[in-house]
2 protein chains.
Amino acid sequence: MTARPANAHQAQILRALRDEGPNSRAQLGDSLGLSRSKFAVEVDQLLETGLVVHDGLAVSRGGRRSHTVRLSPQLRFLGVDIGATSVDVAVTNAELEILEHLTQPIDVRDGPVATFEHVLDMATKLTAAGVADHFDGAGVGIPGPVRFPEGFPVAPPILPGWDGFLVREALGQDLGCPVMVDNDVNLMALGEQHAGVAKNVGDFLCVKIGTGIGCGVVVGGTVYRGLTGSAGDIGHIQVDPYGHPCACGNRGCLEAHFGGAALARDALAAVRSGGAGSAGELAERLAVSGTLTAADVGAAAAVGDPVALELIRTGGSQVGQVIAGLVSFFNPGLVVIGGRVTGLGHGLLTAIRTQVYRRSLPLATGNLPIVLAELGPRAGVIGAARLITGRVFSPA
Amino acid sequence: MTARPANAHQAQILRALRDEGPNSRAQLGDSLGLSRSKFAVEVDQLLETGLVVHDGLAVSRGGRRSHTVRLSPQLRFLGVDIGATSVDVAVTNAELEILEHLTQPIDVRDGPVATFEHVLDMATKLTAAGVADHFDGAGVGIPGPVRFPEGFPVAPPILPGWDGFLVREALGQDLGCPVMVDNDVNLMALGEQHAGVAKNVGDFLCVKIGTGIGCGVVVGGTVYRGLTGSAGDIGHIQVDPYGHPCACGNRGCLEAHFGGAALARDALAAVRSGGAGSAGELAERLAVSGTLTAADVGAAAAVGDPVALELIRTGGSQVGQVIAGLVSFFNPGLVVIGGRVTGLGHGLLTAIRTQVYRRSLPLATGNLPIVLAELGPRAGVIGAARLITGRVFSPA
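Fair warning: this is a prediction, and the values are worked out from it, not measured in the lab. (Residues numbered from 1 in each chain as written. Chains lettered and ligands numbered in written order. Predicted model: local features only at pLDDT ≥ 70, side-chain atom pairs only at ≥ 80, totals over all residues.)

1. Observations regarding the overall build of chain A
Secondary structure summary: chain A contains 14 helices and 15 strands in total. The C-alpha atoms of chain A give 23 Å as radius of gyration, which agrees with the globular expectation for 396 residues (21 Å, within 12%). The C-alpha extent of chain A, read off along each of the three principal axes, is 75 × 50 × 40 Å. Relative to its 396 residues, chain A shows a buried fraction of 53%. Within chain A, contacts between residues at least 6 apart in sequence are counted, and of these 64% link residues at least 24 apart. (Helix = DSSP H or I, 4+ residues; strand = E, 2+ residues; numbered from the N terminus. Rg over C-alpha atoms; globule rule 2.2 N^0.38 Å. Buried ≥ 20, exposed ≤ 12 C-beta atoms within 10 Å, placed from the backbone. Contact = placed C-beta atoms within 7 Å.)

As structure tokens, then:
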């Protein structure tokens, strides 16, 4: 069992070292606003538990040189980010730096048992590679709504077989460490907040466009999950009352119009319709591989294929329409666009920005940056590790 | 100058007495989790300032009888709620009970100077009536976005002449007390939270449907205002890309389709079109008064006029469509529907509920009550008084 901090001040010290890295005792104490004697007592206790270690002497600030303290370099966290078609697993240290990162294709519809067999295999590979001989905690992201306090997925439309699966208990037993589970989008937001484009932003939205579409909502620096953990579930907001039927049973949901699955469907339809799409880059790609994905649309757009560009423009406008509503409602300080489909690049961002800046009121958009995520697939695993360190670095 | 609490514990005591009413010293100290000696020191200091007074002896809990303490019955707060076509002004005591309440028709488009002349006249009437000889603070609600820290309205589409008007300074000088300004919808949410249907609910949405439409967003018991104070500004969320032109310059905004102004317009059009509307209750009302308002639509619906019922059903569905999106995004514990148009009654509520329960995911709607506001026009003035007591009952 990993030691835990004894009180809130010790937890505060651990989190500061996680987020800001090694620091001199003198500077750290000052930055936390603790009295010198109080701070010394707490750090000494943390040194005894082994959670914190001394790491040489810091540069002098004029007087006696202060010891540098840091989180134990022995601490290891596992970040797991499950997507619809792939899973990312990474080992981090206590500062949430990735030491090793594996990605593997899966089909999440094979169910949780098969999926977590892959995850455990990957964790075993990571330990065999020598970057970890144990885990002090693991965070897991799942592409659907999660009942957060209990740590299991709930009735996820694209996850048959996952409803109520006790991820925390199942994986915790196998890994021998505490496990926390959250929606993949919340973890992406946490990752971008820890090490990416949202660092130091208090209120922001992180829209993840993958196979489906979701949104991480951060209020006052903390992920807002709502009453039952489903906050940010924007994939089923209606964009067109007469639109495509959706897997959820409704019509015209955002996810039915844009996202990886919708893009692949629309690209195939455009090529097969015999119109302009039947002669361009998309048609060539279909001839080669026998199918089309969102990545093909991105690649085709990059070489100027007009059908691909139009698909991105239309879909991006529909995402932008939904985001415009959220910006009016939430008045965030930043909107981050992430997920695999951001490979679509600048065309997507332009379509989104155009809608938001046109549709939302000036007071809400005056200082509103809308930017692409920075960390790519690292955001989810870093966010997952951050989630579980939030627990491990809390009083027991 | 009204005395202010000296520290956070004293502020906590004042707010508990405001929200829960008079209490015995013993019970109050227990409920706040303060040590007996600490609590005694703080209450004694508050008694010295006059903010708190003794009010007889409480019923014995077994030992020596404890004094009852309460907020000074001399404290007076002014709650001002400015709507597009009327203004409400009320005097409350420190427990935010309304002692006197005046309503007066205005046209907010006459500008802030004319509007606040009305407000000051009404305040003078209230003092002349003997319910107050001074004010310890005033809260003001304005029907548009407010830059909250600075206390002035910003570029409100329906408020020409109000942009940047220094409400706090202007009114504070005339009333001789501290003034705070907020969006009217936020104050309605605060009012319903203090004394209405949202009492003890942490995360809820309060949708106000008056001439326009707005939404108060409460997160963890506190009004969420967003980066620049415009959070909850949902009147310009798009409900129909090919819909009515809106005063904001866009097309198909919620406010352009429903709310007092849109209902009156659509009712007139329906009667004048010569169809079914030209023979019913609405037509008779038009013949009598020469115009139609949202209240006429409500009255016509109440006697079964089919055109009025259809207007409410269609408009309510469009509000419901927007609220469904907000419920998916925000996963609240309660949705409150308020504002003058709630005179439309059960038909409106049914249309909204149908959309939300159909469109939002089960995880978000499973335990979600959607209810009408309880306090009517009292919500805004109570919320306004609550806003300013939040300031007055804080350390200086």
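2. Notes on the relation of the copies chain A and chain B
For these two chains of identical sequence, chain A goes onto chain B by a turn of 180° and a shift of 0.0 Å along the axis, with RMSD 0.0 Å. The transformation just described matches what one would write down for a two-fold rotation axis. A shared binding surface is used by both copies, with 100% of the interface residues of chain A retained as interface residues in chain B. (Least-squares fit on C-alpha atoms with pLDDT ≥ 70 in both.)

3. Regarding helix H9 (residues 281-289) of chain A
Residues and elements named next belong to chain A. All buried positions along H9 are accounted for by Glu281, Leu282, Ala283 and Arg285. In this structure, the buried side of H9 is in contact with helix H8 (260-272), helix H10 (294-302) and helix H11 (306-330). Positive phi appears at Gly290, one or two residues downstream of H9, with a value of about 80°.

4. Re the interface of chain A and chain B
Each partner contributes to the interface: chain A provides 34 residues, whereas chain B provides 34 residues. Contributions of two or more residues to the side of chain A that touches chain B are made by strand S12 (213-219), H11 and helix H13 (362-365) of chain A. The element that contributes the greatest number of residues to the side of chain A that touches chain B is H11 of chain A, accounting for six residues. Partitioning the side of chain A that touches chain B into residue classes produces 18 nonpolar, 13 polar and three charged. (Nonpolar A, V, L, I, M, F, W, Y, C, P; charged D, E, K, R; others polar.)

5. Topic: the sheet that holds strand S6 (residues 98-105) of chain B
All names here are of chain B. Ordered by their spatial adjacency, five strands build an open sheet running S6-S5-S4-S7-S10, and the pairing between neighbours is mixed. In the strand order of this sheet, the two ends are held by S6 and strand S10 (179-183), each with one partner. Between one strand and the next, the sheet's axes are offset by a mean angle of 15°, whatever the strand orientation. Bridging between strand S4 (residues 77-82) and strand S5 (residues 86-92) involves six bridges; their strand directions are antiparallel. Bridge pairing links Gly79 to Ala90 in S5. Sheet strands in contact with helix H6 (residues 184-195) are S4, strand S7 (137-142) and S10, and its direction is about 100° off that of S10. (Pairing = 2+ DSSP bridges. Axes fitted to C-alpha atoms, helices over the stretch in contact; angles between N-to-C directions.)

6. Overview of the confidence of the model for chain A
On average, residues of chain A score 91 in pLDDT, and 96% of them reach the 70 mark or higher. The ipTM, which scores confidence in the relative placement of chains, is 0.88 for this predicted complex, and the corresponding pTM is 0.89. (pLDDT = per-residue confidence, 0-100.)

7. Some remarks on the sheet that holds strand S2 (residues 52-57) of chain B
Residues and elements named next belong to chain B. With antiparallel pairing, three strands are arranged side by side in an open sheet as S1-S3-S2. This sheet does not close on itself; its edge strands, each paired only once, are strand S1 (23-24) and S2. Note that S1 and strand S3 (residues 67-71) share two bridges and pair antiparallel. Looking across to S3, one finds that Asn23 is bridged to Val69. Most of the contacts of helix H1 (residues 8-20) go to S3, to which it runs at about 90°, and overall it touches S1, S2 and S3.

8. Comments concerning the packing of H8 of chain A against H9 of chain A
Residues and elements named next belong to chain A. Following both chains from N to C, one finds H8 and H9 inclined at 100°, their axes separated by 10 Å at the closest point. In terms of their interaxial angle, H8 and H9 are classed as roughly perpendicular. Residues Ala267, Ala270 and Val271 of H8 form the contact with H9, whose participating residues are Leu282, Ala283 and Leu286. Of the residues that constitute the contact of H8 with H9, the class distribution is six nonpolar, no polar and no charged. (Parallel < 35°, antiparallel > 145°, perpendicular 65-115°, else oblique.)

9. A look at the packing of helix H4 (residues 112-128) of chain A against helix H5 (residues 167-175) of chain A
Residue and element names in this part refer to chain A. Between H4 and H5, the least distance of the axes is 11 Å, while the angle of their chain directions is 30°. By the angle between their axes, H4 is roughly parallel relative to H5. For the crossing formed where H4 meets H5, the hand is right-handed. Between H4 and H5, the contacting residues are Pro112, Phe116, Leu120 and Ala123 on the first element and Val167, Ala170, Leu171, Asp174 and Leu175 on the second. (Left-handed = near helix turned anticlockwise from the far one by under 90°.)

10. Description of unusual backbone geometry
Unusually for a residue other than glycine, Leu96 of chain A sits at a positive phi of about 65°. Here Leu96 of chain A lies in the loop between strand S5 (86-92) and strand S6 (98-105). Positive phi is not limited to glycine here, since Asn200 of chain B has a value of about 70°. You can see Asn200 of chain B is positioned in the loop between H6 and strand S11 (204-209). By the C-beta count within 10 Å, which is 6 here, Asn200 of chain B ends up exposed.

11. Points about the environment of Cys248 of chain B
Residues and elements named next belong to chain B. One can find Cys248 in the loop between strand S13 (222-223) and helix H7 (254-257). On the neighbour-count criterion, Cys248 (16 C-beta atoms within 10 Å) is partly exposed. The spacing of Cys248 and Gln12 is 236 residues in sequence and 43 Å in space, taken between C-alpha atoms.

12. A short note on helix H6 (residues 184-195) of chain A
All names here are of chain A. The end-to-end C-alpha separation of H6 is 16 Å, in line with the 16 Å expected for twelve residues at 1.5 Å each. Of all twelve residues in H6, twelve are buried; the element is thus mostly enclosed. Here H6 has its buried residues at Asp184, Val185, Asn186, Leu187, Met188, Ala189, Leu190, Gly191, Glu192, Gln193, His194 and Ala195. (Expected span 1.5 Å × (residues − 1).)

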